[in-house]
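Single-letter residue listing:
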Amino acid sequence: MSARDAGAVRARHALARRFCAVRERSVGLAAPLSAEDCCVQSMPDASPAKWHLAHTSWFFDVFVLEPFEPDFKPFRPEFRVLFNSYYNAVGDKHPRPQRGLLTRPSLAEVLDYRAHIDARMRTLLAAQGGDEELRELIELGLQHEQQHQELLLTDIKHLLSMNPLRPAYHAPGEHADAKPDPLEWVGFAGGVIEIGHDGAGFCFDNELPRHRVYLQPYELTSRPVTSGEYAQFVDQGGYASPELWLSEGWEWVRSNALRHPIYWHRGDSGWEEFTLGGLQALAPEQPAVHLSYFEADAYARWAGARLPTEAEWEHASQHSAVEGQFADHGRLHPAPAAGPGLRQMLGGVWEWTQSSYAPYPGFRPAAGAIGEYNGKFMVNQYVLRGGSCATPRNHIRASYRNFFPAAARWQFSGLRLARDS
Ligand SMILES: [Fe+2]
């Protein structure tokens, strides 16, 4: 066997192990949920857990098995439309706001669909895993599934938060949190720098091409804004001060009668926060989380600062090794940032940047239906960086670009301050 062939065999075996691990984790995330939990859709932006479990299988069904499997036959032909998210090139799709109406197929049938797809995928990998194009498509399917694992958690958190019983998704356990270090400003000289994926390992098309950017001198805070700091903004009338808000943000605050972040409640002895571990006293030292772009921007203005650009954020992240928590830790809530220098650039909370989600110079979406993955969403959204306590560690990197509309606040999103030097 040539060295090249031996490398392909190793790559195939590694991918087969990773395939099983990622697919099993999705089912594991749904394990604490009842069939009723898995069916309900709490808002048009969220999807039922059952739909996530089915759609991530649909991705392998339509984009991997159909083109590569000899004598491909669909498991259930109607699933092609039912679990298509947004791929127009694939054909019709079930309307997103009506995903919660799908009481059929049952959760058991969806789990059966998953097992069926997994078995066929294992056979395909064993037979054709030497094909590099196939391996790349499978890796994309696994990265896609890891994105949906985080969405499954944020969507279930939103659903449970609407239940007056405030049910917990899990028992978070005891955590001996370190005290956060005082906020410091960390300066960078700027100049001509490079951002974008550097070519090693997987990346999405929106991280390419790597390119040069000119930065003015700037500073970032050493850690994300904490809940205690954000509570001062709330308690000092932040949500009643139009001068702090973008015009559209103020309209959003007024029309929704907002007074505080989405999962905060005023308890008898102070602020409380709904978490995946249930309702808890707000921990002032933990990073503030579940903020919209509008809230992050208003807080930054109140604090006499601004949000970083995504180029500033990515450049600074090249100087930081102190990470926050990821989904792997199982805590599913951000912990205080401790350690020297820039902390928690990766993990903890997604950090809003002031950068509109736009193509990099020279961006080219992938050919075919897969090209619809990222490029067509490059309008009316802002970039978030760094991953969160609900992101798998092996899914995130400094060049990763997440994106959401300015009013979205059910993701694990927070902020870090920036200012001009
Ligand atoms: Fe998807």
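These numbers were taken from a predicted model, which means no experiment stands behind them. (Residues numbered from 1 in each chain as written. Predicted model: local features only at pLDDT ≥ 70, side-chain atom pairs only at ≥ 80, totals over all residues. Heavy atoms only, no water.)

## Some words on the sheet that holds strand S1 (residues 185-188)
Turning to step 1, where the next piece is worked out: Pairing in this open sheet of three strands is antiparallel, and the strands run S1-S4-S12 from one edge to the other. Looking at which strands have only one partner, the edges of the open sheet turn out to be S1 and strand S12 (418-420). Shown here is a sheet whose adjacent strand axes are inclined to one another by a mean of 25°, direction ignored.
Turning to step 2, where the next piece is worked out: Set on the sheet, helix H10 (residues 310-317) makes contact with S1, strand S4 (218-221) and S12; between it and S4 the angle comes to about 70°. (Pairing = 2+ DSSP bridges. Helix = DSSP H or I, 4+ residues; strand = E, 2+ residues; numbered from the N terminus. Axes fitted to C-alpha atoms, helices over the stretch in contact; angles between N-to-C directions. Contact = heavy atoms within 4.5 Å.)

## Describing helix H1 (residues 3-30)
Turning to step 1, where the next piece is worked out: For H1, which comprises 28 residues, the first-to-last C-alpha distance of 41 Å matches the rise-based estimate of 40 Å (1.5 Å per residue) to within 8%.
Turning to step 2, where the next piece is worked out: Looking only at H1, the buried set comprises Ala8, Leu15, Arg18, Phe19, Val22, Arg23, Ser26, Leu29 and Ala30.
Turning to step 3, where the next piece is worked out: Residues of H1 that are buried sit in contact with helix H3 (49-68), helix H5 (107-128) and helix H6 (132-161).
Turning to step 4, where the next piece is worked out: If you check the start of H1, you find a side-chain oxygen 3.0 Å away from the backbone N of Asp5, and it comes from Ser2. (Expected span 1.5 Å × (residues − 1). Buried < 20%, exposed > 50% of the residue type's maximum accessible area, 1.4 Å probe, protein only. Polar contact = N/O pair within 3.5 Å; in protein donor to acceptor, adjacent residues only side chain to side chain.)

## Here we look at helix H8 (residues 247-255)
Turning to step 1, where the next piece is worked out: The set of residues buried in H8 consists of Gly249, Trp250, Trp252 and Val253. One face of H8 carries all of its buried residues, which in axial projection span an arc of 155°. Residues of H8 that are exposed and point over 90 degrees away from its buried face: Ser247, Glu248, Arg254 and Ser255.
Turning to step 2, where the next piece is worked out: Looking at the buried side of H8, the elements it contacts are helix H9 (293-302).
Turning to step 3, where the next piece is worked out: Remark: Ala257 follows H8 within two positions and exhibits a positive phi of approximately 50°. (Arc of directions from axis to C-beta.)

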